[in-house]
Each structure stands twice: as structure tokens, then as C-alpha cells.
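Take a look at the letters that make up each chain.
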Amino acid sequence: MAANSPATAPRAKRDRTHYLYIAVIVAVALGVAVGLAAPDFAVELKPIGTGFVNLIKMMISPIIFCTIVLGIGSVRKAAKVGAVGGIALVYFTVMSLVALGIGLVVGNILEPGTGLAVTDAVKDVGHAQVDAEAKDTTEFLLGIIPTTIVSAFTGGEVLQTLLVALLVGFALQAMGSAGQPILRGVEHIQRLVFRVLAMVMWAAPIGAFGAIAAVTGSAGLDALKSLAVLMLGFYTTCFLFVFIVLAALLRVVAGLNILTFFKYLGREFLLILSTSSSESALPRLIAKMEHLGVSKPVVGITVPTGYSFNLDGTMIYMTMASLFIADAMGTPMSVGEQIPLLLFLLVASKGAAGVTGAGLATLAGGLQSHKPALVDGIGLIVGIDRFMSEARALTNFAGNAVATVLIGTWTKEIDRGRVDQVLAGQLPFDEKTLLDDGHETSADASAEVPEQGGEKELAKA
């Protein structure tokens, strides 16, 4: 009798959340139908989707703070954290360049903008997309420093929260045993925050319906037909990047099959698809990567930083959109002109991290600064930008998920035995708490690394 109880409980939890995500799929289908049948009404539903995404976003800062503080506070060697951050930034830079290169090749082959006309109305729409909130690189770097410690949480800036969490984590690390009561307190706060997030997720079907209905209603079939070549090319390029480049890296470095890995993250992909926002899945990605067996320091540093610096989908989007606009304007760029522009956009994308509609805003701001004549053509892609943002968000998320596993493997901060068990379905993810019952030890996979012999005891204390 007792032996059957543990097996029954997890199945009940999985069944409940299984129905939740079936409801999300149904809501997406209904949203598309409403968007096509009553586009004006559907556009009015946009606040529903926005509200749900905002509910998720309000949880991001406390989750990042707790994850990093617990991870760094339980690690004895500060140099290890620095190594993780250094490897992550190098990897993010290399992959951004690879994504730009792939987009460059495909964009030059397709030449999707040839033959389109740019009217005065289109020009006005293009100039309206130049976001005044976009920052240059200097402002971006200074913006990482919050006005106060508390404002890092109230402002919703991920990198500000990351900075404060790093400082607090290193301070607790230096305090030694005196910091253990604080670590226990932060752990309780983390459990509370994840429980709140699990409650918020039950509103996902409503949010998905509003978001998809608004996107479908605002774009319409005409925009999709006229720009089908660009959309198809972009989606194809993102698909090739994920299932060739990322899949090869994951197989060679970590020995994992990308389809099995993505199956584990299936609900997060569905959530992103229904909200057009990769940020909606950020808290769940942190929880799932820890559950998978990647150590807290690697997850806490790689995931939040990747959401600002590892934007593979955005890189491909800006490459192909730039070439599309240049062709549509009747001023195709030579390769010698394309490369400097794209390198400039690579840097500009970091300065626009966190700006609403970052893909289009970054493209508009970058073109305005580097090649103003092309801003006139941005109005051509405004109608389908939200549909292209689906692929942007999915690709960005996939890139950050794979990056977390790769960096965990390179730094030996991943429990490979646990990874195999989780991906095989032997250790199901707890959708109710988003944490493991034995969270203190299971999340601290790095405790099995010889040089971290005392970390497990500190985490348990």
C-alpha cells in the first residue's frame, strides 16, 4: 500500500498540468480563429495576453536573485563563478556571429525584398519604429548599475538584478558559516516565489488566447501573403540553426539528442509560441535546468545573461530584415556593406536589451544610426513582425537552453547521471512547486565535483 502512494501522487500532478497545456493548445487555436473571423475585436484582446506576460515577468527578478544567491553562496571558490561567466560571454559572442553568418548567407540567396514598393505611408510607419528608449552601448553598461538595491527589483531590469545577486552571493560566500541563516531564508523565499509562479501558470490558456488573437487580427492574411517569402526564409533559417548548429554542439559536447532535450522543454516552447515572448518561459527554464542537473551557479549566471547577450534568433532576424529592406528600397548592399552594418547591429542589440518589441526596435535604432536611408523600409515588415517574433523567441530560448547544458558540461558543473534519468522520464519535474523535494542536494549537482567537497554540507546547513 505504502509503495503505491509515491507512484500515484506524481501521476496526479502530471495529469493536472497535462490538461492545463492541452487547454493552452485549444486556446491558441481559438485565438487564431477569432483573429481571422473578427480581426477588429481580436485586436482589442491584446491586453489579456499582455497581462499574462506581465504576471510572469514580475516573478523573474526574485527568481533570478534567489537562484544566484543560493548558487554562489554555497560555492567555496569565487573564481569558479568568474570562469562560468567568462566562458558564457565568449560562447554567446561566437554563437551570435554564427547566427549572423547564417542569416547573411540565406538572405543573399533568397533576396526576398526585390520588387516591393515603398510608399510614403510605409516610410512614416518605418520612422515611427525608431524607439527613443533604445540605448547606446555606454548607456547600456551604466544602466546595469541600479539606483538602489531595491530598484533592481522594482525596475524589472534583469541585468541589474543579476549584478545585485552576484554581489550578495559573494558577500554571503565571504561570511562563511555566519551567512548560512541568510541562505536558508533565501531558500524559503525561493520556494514561495516558485509556488506563486506555479499558481500564475494556470492563467496561461487565457493569456495565450488573448495574445494569439491580437497577433492574428492585427496582421491579417494580406500581410502574410505579400511577405510570405521573407517569413518562410526566416523560419527556415531559424530551423536550420537550431537543428543543425545547436543540435551538433549538444551532441558533440554533451552527448545529448536535441529532440529528447526539447521534449523535456516542450511546455516552455508552447508557452513561448502562445505569448510571442521568450521571457514568459525564463523562470521555468531556470527551474528546469536545475532539475535537469546543472548546478545553481551555472544556471543562475548563464540563463539571465543569455537573455540579454545570447539572442541567436534576433541576430538572424536583423540580418535577413536588413537585407530584405535594402532590396525593397532598390539599394541592395554589397557584402562589404553588409558586414559592418550587421556587426553594428550585433552591438546595438545589447544596448536595446529589455526594450519592448526589442527585435523591431533594435533594427530600427541600428539602421537609424548606421544607415538612415534604410529606415524608410522598416514599415514593410511591421505587419508581420509579431509573427516573426514567434521564431525569434523560440530560437532565443532554444539557444539559451542549449548554452546552459554546454557551459555546465565545459565547467563540469552538471550531473550527467541525473540528466539521463530526467530525460528518460524517471525523475519527473514537479509542476506544483517547480522545485525538487530534495532541492538542497539535487540542485547542487556541483557538489559531486571533487574540488567542491564542502559545498554540499554548506548547502545542507
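Residues numbered from 1 in each chain as written. Predicted model: local features only at pLDDT ≥ 70, side-chain atom pairs only at ≥ 80, totals over all residues. Heavy atoms only, no water.

What to know about the packing of aromatic side chains
The line we're drawing: Under the pairing criterion, centres of Phe, Tyr and Trp rings, with the six-membered ring standing for Trp, must be within 6.5 Å; the plane angle then separates stacked pairs below 30 degrees from edge-to-face pairs above 60, leaving the rest tilted. Under the scheme used here, helices are H or I runs from DSSP no shorter than 4 residues and strands are E runs no shorter than 2 residues, and both carry numbers assigned from the N terminus. Type-normalised accessible area, obtained with a 1.4 Å probe on protein chains alone, sets the label of each residue: buried when under 20%, exposed when over 50%, and partly exposed for intermediate values. Put simply, a charge is over a ring when the Lys NZ or the Arg CZ is close to the ring centre, within 6 Å, and near the line of the ring normal, within 35 degrees.
If you walk through the whole model with that rule in mind, you get 9 aromatic pairs. With a centroid separation of 5.9 Å and 70 degrees between ring planes, the pair formed by Phe234 and Tyr317 is classed as edge-to-face. A residue pair is termed long-range when its members are at least 10 positions apart, and Phe234 in helix H11 (residues 228-254) and Tyr317 in helix H16 (residues 312-328) qualify at 83 residues. Considered together, Phe234 and Tyr317 belong to a single accessibility category, that of buried residues. Here a set of aromatic residues connected by ring pairs shows up, and it is made of Phe239, Phe243, Phe261, Phe262, Phe269 and Phe397. If you follow Lys288 out to its NZ or CZ, it ends over the ring of Tyr264, 4.8 Å from the centre. Of note, Arg392 hangs over the ring of Tyr317, and the distance from its end group to the ring centre comes to 4.2 Å.

Some remarks on helix H20 (residues 416-423)
Note the cut-off: Arc, as used here, means the arc of the directions from the helix axis to the C-beta atoms.
Looking at H20, one finds that the buried residues are Arg418, Val419, Val422 and Leu423. Viewed along the axis of H20, the buried residues span an arc of 125 degrees, placing them on a single side of the element. Note on H20: the residue one or two positions beyond its end, Gly425, has a positive phi of about 85 degrees.

Focus: the environment of Ile109
Mapped onto the elements, Ile109 comes out in helix H4 (residues 78-110). Residue classification places Ile109 among the exposed residues on the basis of a relative accessible area of 64%. Sequence separation of Ile109 and Gly233 is 124 residues, and the distance between their C-alpha atoms is 9.8 Å.

Digging into unusual backbone geometry
We note that Lys412 has phi near 55 degrees; this positive angle belongs to a residue other than glycine. Relative to the elements of secondary structure, Lys412 occurs in the loop between helix H19 (382-410) and H20. On the basis of relative accessible area, Lys412 is assigned to the exposed category, the value being 59%.

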